[in-house]
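Now for the letters of each chain:
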Amino acid sequence: MASSAIASAAPSDDLIAAAKKEGSLTTIALPHDWCGYGDVIAGFKAKYGLTVNELNPDAGSGDEVEAIKANKGNTGPQAPDVIDVGLSFGPSAKKDGLLQPYKVSTWDSIPDSAKDAEGYWYGDYYGVLSFVVNNDIVKESPKDWADLKKPEFANTVALAGDPRTANQAVQGVYAAGLATGEKDATKAGEAGLKFFAELNKSGNFVPVIGKSAPLAQGSTPIVVAWDYNGLAWRDSLKGNPPVDVVVPATGVVAGVYVQAISAFAPHPNAAKLWMEYLYSDEGQVLWLKGYCHPIRFNDLAKNNKIPADVLAKLPPAAAYEKAIFPTLEEQAAGKTAITTGWDKVVGSNVK
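Residues numbered from 1 in each chain as written. Predicted model: local features only at pLDDT ≥ 70, side-chain atom pairs only at ≥ 80, totals over all residues. Heavy atoms only, no water.

(A) Highlighting the overall build of the protein. Assigned secondary structure in the protein consists of 14 helices and 10 strands. By the compact-globule yardstick of 20 Å for 351 residues, the protein fits well, its C-alpha radius of gyration being 21 Å. Residues counted as buried form 54% of the 351 residues belonging to the protein. If you take every contact in the protein between residues at least 6 apart in sequence, the share linking residues at least 24 apart comes to 76%. (Helix = DSSP H or I, 4+ residues; strand = E, 2+ residues; numbered from the N terminus. Rg over C-alpha atoms; globule rule 2.2 N^0.38 Å. Buried < 20%, exposed > 50% of the residue type's maximum accessible area, 1.4 Å probe, protein only. Contact = heavy atoms within 4.5 Å.)

Below, the structure is given as structure tokens:
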């Protein structure tokens, strides 16, 4: 029984042969320093001997979808076979008839909340909102959202964007609201606004967009940011200053990206083989090395499939067990409450 289960979690010889016959795969919007994609692409090429044609590494999710639309009848090198996009783009691209379904052999270990039941799109990796802390200035890192209100954190707390427009900042406010115990998305958004209004009133909130440079310089010593951004900043600063990345004890909000295959993919078998590679233990661990938690993370952790040296560079695995994946409807409701209410409730001009 065990051997058949293991065998089923790998691409078939027929698929490998068909992909090799096509010879190449066209990707889009995959910068090599994002989520370890440089190693992922190299690993795929080494394993299967296909060439990878990389279009516009710095494109955004909207650009990827437009590239599928613009190349419907084109089998040349400008037509992407596969896309990696923000969650909201999966269902909309499916609705527009731009995707084809495919269920990888590890399908069952992808959480239901992060995949299309018919296989048109599926979560690939996620980040969670964390506190990125400059430990030269803040000696003891906050452990949860409520800690940020303490007087010792005066003039320290920043968001990684303008909460009226930037998703990362919106999700930060939403996470703070969920940490108050609110379950309803609109109410969580409103609770998040109230939380940041209190931080602003007490002088703990800094209206500067938190990034690596202001974190290091000390103008934003605590930044609420995706964990993968914080971990990358930590590495790039090489201990000067020392940086701590803390997943809060409550209100752990995950932002998920999704993979999909173009309905018009010129290399459909290579696209399917790429998905098999990405969702294999090997591919998932490579994303984790790039600090993006692969969608099968809990499954990998439970089965001891994650190398110890990789785990050592990350916040504790247990912190991610509480991760909440808001639905698109919840995200939309929370975002509306936050973006429309920020000026009135908090009144801080973040820039």
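Having put the structure on the table, let's press on.
(B) Main features of helix H7 (residues 185-202). Between the first and last C-alpha of H7 there are 26 Å, a value that for 18 residues agrees with the 26 Å anticipated at 1.5 Å per step. Taken residue by residue, H7 has Ala185, Ala188, Gly189, Ala191, Gly192, Leu193, Phe195, Phe196, Ala197 and Leu199 as its buried positions. Those residues of H7 hidden inside the fold are in contact with strand S6 (157-159), helix H6 (167-178) and helix H14 (328-345). Sitting at the head of H7, Asp184 places a side-chain oxygen 3.2 Å from the backbone nitrogen of Thr186. After H7 finishes, the residue Gly203 shows a positive phi value of roughly 85°. (Expected span 1.5 Å × (residues − 1). Polar contact = N/O pair within 3.5 Å; in protein donor to acceptor, adjacent residues only side chain to side chain.)

(C) A look at the packing of helix H3 (residues 37-48) against helix H11 (residues 281-289). With their axes 8 Å apart at the nearest point, H3 and H11 run at an angle of 155° to one another. Taken together, H3 and H11 sit at an angle that is classed as roughly antiparallel. For the crossing formed where H3 meets H11, the hand is right-handed. Every residue of H11 that contacts H3 at Tyr37, Asp39, Val40 and Lys47 is listed here: Glu282, Leu286 and Trp287. Taken together, the residues that form the contact of H3 with H11 break down as 4 nonpolar, no polar and 3 charged. (Axes fitted to C-alpha atoms, helices over the stretch in contact; angles between N-to-C directions. Parallel < 35°, antiparallel > 145°, perpendicular 65-115°, else oblique. Left-handed = near helix turned anticlockwise from the far one by under 90°. Nonpolar A, V, L, I, M, F, W, Y, C, P; charged D, E, K, R; others polar.)

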